[in-house]
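Structural characterization, general
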Amino acid sequence: MGEHLFRMGFRDEAAGHFHKALKLKPDYPEARENFYRVANWLVERWHFLMLNDRGRNQKYQQAIQKAVQSGCNTVLDIGTGTGILGMCAKKAGAAEVYACELSKTMYELACEVVTANGMNDSIKILHMKSLEMEVPKDIPHRVSLVVTETVDAGLFGEGIIESLIHAWHHLLLPPQSDQDEFRGPSTMGRVIPAGATVFGMAVECLEIRRHHRVFVSEVGGLSMGTVGEFHSPVSCSSEPDDSMEPYTTERLSRLPGGYTPLTQPFRAFDIDFNNVQELEGLSSREVQRLHLPVTQGGQLDALAVWFQLHLDEESSLSTGPQEDTCWEQAIYPVQSTKGFALRPRDELIVEVSCRDAYLRLCSVAVMRDGNEIHLDRRLESPYPGNPVPNPEAELCSALACLQTDHNRAKDFCMLECSEIALLNNQHYHQSFCCALAKLITNLKAAQTNQNRGSGIKSAGVASEPTNSADPNDLIYVLDVSEGFSLLSLMAASQGNVKAYSSVEKSQQQDVLRRLACSNNVPEQHLEFWLNHVEDEQATLQRPSREKLWSAIILDCVETCGLIRQKLMEKASLARCLLEEGGRIFPERIVVYGMLVESDILLLESAVQGQEPTLGFNIAPFINQFTVPVHVFLDFSTLECRHLSESMELFILDLMNTNANYTNREVKVQATASGRVTAIPFWYQIHLDQEISISTLSQDSHWKQAAVVLPQPVEVTVGDWVCLAVQLHKSSISISAHIENETEP
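Residues numbered from 1 in each chain as written. Predicted model: local features only at pLDDT ≥ 70, side-chain atom pairs only at ≥ 80, totals over all residues. Heavy atoms only, no water.

Considering the sheet that holds strand 21 (residues 371–374)
Heads up, the rule is: DSSP calls a pair of strands paired once it identifies at least 2 bridges connecting them. Here a helix means four or more residues in a row that DSSP labels H or I, a strand means two or more in a row labelled E, and each is numbered from the N terminus. Only the stretch in contact is used when a helix axis is fitted, and all axes are lines through C-alpha atoms; the angle between N-to-C directions ranges over 0 to 180 degrees.
The four strands are arranged 13-19-20-21 in an open sheet whose pairing can be described as antiparallel. Two strands close off the open sheet at either side, each with one partner strand: strand 13 (288–293) and strand 21. Strand after strand, the sheet turns through a mean of 30° between neighbouring axes, direction not considered. Where strand 19 (residues 347–353) meets strand 20 (residues 360–368), seven bridges bridge the pair, whose relative direction is antiparallel. Paired with Leu348 across the two strands is Val366, which belongs to strand 20.

Take a look at the structure:
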């Protein structure tokens, strides 16, 4: 039932079933795996980081205590989460405390926490949005203080503006005015936080660039010159676009390769949460133009944005990139330029607006030598330094464009950030190109020999080579990669190959057709498999009654760093659909790992320490949602100490089912003393015996994952650590203990 609800999108309900199954049978692997899968959706990892951020917690507690003790004795906590801010208000002496929470999981968690701390009779928690609350239906009267932290890295992304406008009109007492010198705090309304100041700077960053702009001119031997532009779903302009997110988030200090500031930090925006007129006028504010002196030359890749949250007149929190904070920064990537280099003494013109209650920062132009260069109108080749495509390719691309889109402004294809990073991963595509070419060459040779042998047997003389257009002589390749993939087209470009792609979106299919045309791949040699398959769950089928596949390309590793679910089941089925001599790509995956000591992984996995958080018992309840495997890690920038060399943990053989196993014991020697808190892991993906790619490489589109041990293991140099590695339905688990023997 839980799995069915999860697939239908009812995550809260699914979590209830998974959690119940796990409590009834803690050792049941399916229940445990399902619960871990859904827990990341329900209780996001930043909850643990925030509760472990003592500085942030204490500042909020002090601001609330000061407000309550000054007379704000009725309090509403909007978006209560674990209930910690509401409990701070009650502990400070508030007479009445109310709280609301939309998430069913977090609402139930807050109720447990409040009850465990003996406040269930004095804090009323409502399972609803604050926008739906009314007086006296939900709370008996207006309150004198609203506390909230419904802000994201871009400040307004969680709807704080709409929530506060509604609160001022329906839930809060009127704010203080110049005529209110004789009114006490208990008769006036106020908000914590009181306001915010937004800062930003322009940056050059290869890691951001490769996830938002395709900057290669050739992918796996295919020319990209006529395909048009690829856009990530993150793009900002002063005019709202429902199909795009205005920003993404990154922790700048952890970006592989780092970043270079191209301007000094600038002040972009101020907002007063205690001024309802200012909140209501936010969306109608005029677009503000800022002229920013360029202090360092480099490619303009993004605007990085952070803010200072003013809790009251004396206390504030900063989310800046140099701060030791649980916050990420908002990233506004630049997509409209292809390698535009800023120079010192340039002025970057940035527009700041808030049309739809989202903060929008957009790089629009550069002032250089008195001339204004509009970044979105530059008539520049997308691929500088490369020759202009031939006229036939240009015509082919133009015809494809006419068939699919008459609006030139929409001549781009939307790809996920990870898919754009994949296109920029040249080593990945070159490796696949070589491996496919080797296999296809061998199959063609075998086919030719077979045809000659048949000719000799039937007529006594060798037959003429079979016409390559004969369907019976075609080599059939199936690519079942998730999302956008060029591998099928790379196979089709080898000649005498009929390739099937699993690309599903019509716009992306049009791009592949356009690429096929401009790279002289016959139209009939590329087909879209899902257009022929009635049931998407049954993509692994024979290409026809008479044929089997020569090659099947499986998507084995998720971008987050985990093995794809049901990979081995898919591999077993794929082997049954291969012709003699056919191959699965990849043929083998080797899992590598390393012992590390990392405090940050502990802080992101559970509330740490034995002491209560601000005196409240919260850890036992939220730590129920601890997930032992962390995903989307960048191991190259992870704050950790290496305590061993890398070691082989596991092998998955996709071509030989008899070579696989589910459990393995690995012994590794500690090369440094410390606490083993986690085992990060990654993959070497072997396409054949000679060609492989690593998910740990610098240009990889994959992230890494790590198993966080439930209890750290103390080691000294020379100790042998025994790891029990288990693979259950693509889910890796690892336990560790010290080997008693001095030698393995």
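Overview of the confidence of the model for the chain
The condition that has to hold: Scored between 0 and 100, pLDDT is the confidence that the predictor attaches to each residue. Here, two residues are considered to be in contact whenever any of their heavy atoms come within 4.5 Å of each other.
Per-residue pLDDT for the chain averages 86, and the proportion of residues at 70 or more is 85%. Confidence drops under a pLDDT of 50 for residues 378–409, and excluding neighbours within four residues, the segment shows 31 contacts in the predicted structure. Per-residue pLDDT stays below 50 along residues 456–468; that stretch engages in 13 contacts with residues further than four places along the chain or on separate chains.

A few points about the nonpolar core
The test is simple: The nonpolar core is taken to be a set of buried Ala, Val, Leu, Ile, Met, Phe, Trp, Tyr and Cys residues, with the residues joined through side-chain atoms within 4.5 Å. Classification of residues uses two cut-offs on accessible area relative to the type maximum, computed with a 1.4 Å probe and protein chains only: under 20% is buried, over 50% is exposed, and between them is partly exposed.
If you look at the biggest cluster of nonpolar residues, it comprises 121 residues, and the most contacted ones within it are Phe156, Phe269, Phe273, Leu348 and Leu361. Residues in contact with Leu361, not counting those within four places in the same chain, are Cys236, Phe266, Ala268, Leu303, Val305, Tyr332, Val350, Glu351 and Val352. With 95 residues, the next largest nonpolar core counts Met490, Ile552, Phe650 and Val721 among its residues.

Brief notes about unusual backbone geometry
That bond from Ile192 to Pro193 is cis: its omega, 10°, falls within 30 degrees of zero. Along the polypeptide, Pro193 turns up in the loop between strand 5 (190–192) and strand 6 (195–204). Between Phe585 and the following residue, Pro586, the backbone shows a cis peptide bond with an omega angle of -5°. Structurally, Pro586 can be placed in the loop between strand 27 (578–585) and strand 28 (588–593). Backbone geometry places Arg345, a non-glycine residue, at a positive phi of 80°.

Focus: the packing of aromatic side chains
Condition: Stacked, tilted and edge-to-face pairs are distinguished by plane angle, under 30 degrees for stacked and over 60 for edge-to-face with tilted covering the rest, among Phe, Tyr and Trp rings (Trp via its six-membered ring) whose centres lie within 6.5 Å.
For the structure on display, the rule yields 16 aromatic pairs. For the pair Tyr500 and Trp549, a centre-to-centre distance of 5.3 Å together with 85° between the ring planes defines the contact as edge-to-face. Of this pair, Tyr500 sits in strand 24 (residues 497–501) while Trp549 sits in strand 26 (residues 549–553), and the two are 49 residues apart along the sequence. Here Tyr500 falls in the buried class, since its relative accessible area comes to 7%. A ring pair is formed by Trp529 and Trp549, whose centres lie 5.3 Å apart and whose planes are at 85°; its orientation type is edge-to-face. Here Trp549 lies in strand 26 and Trp529 lies in the loop between strand 25 (526–528) and strand 26, a separation of 20 residues in the sequence.

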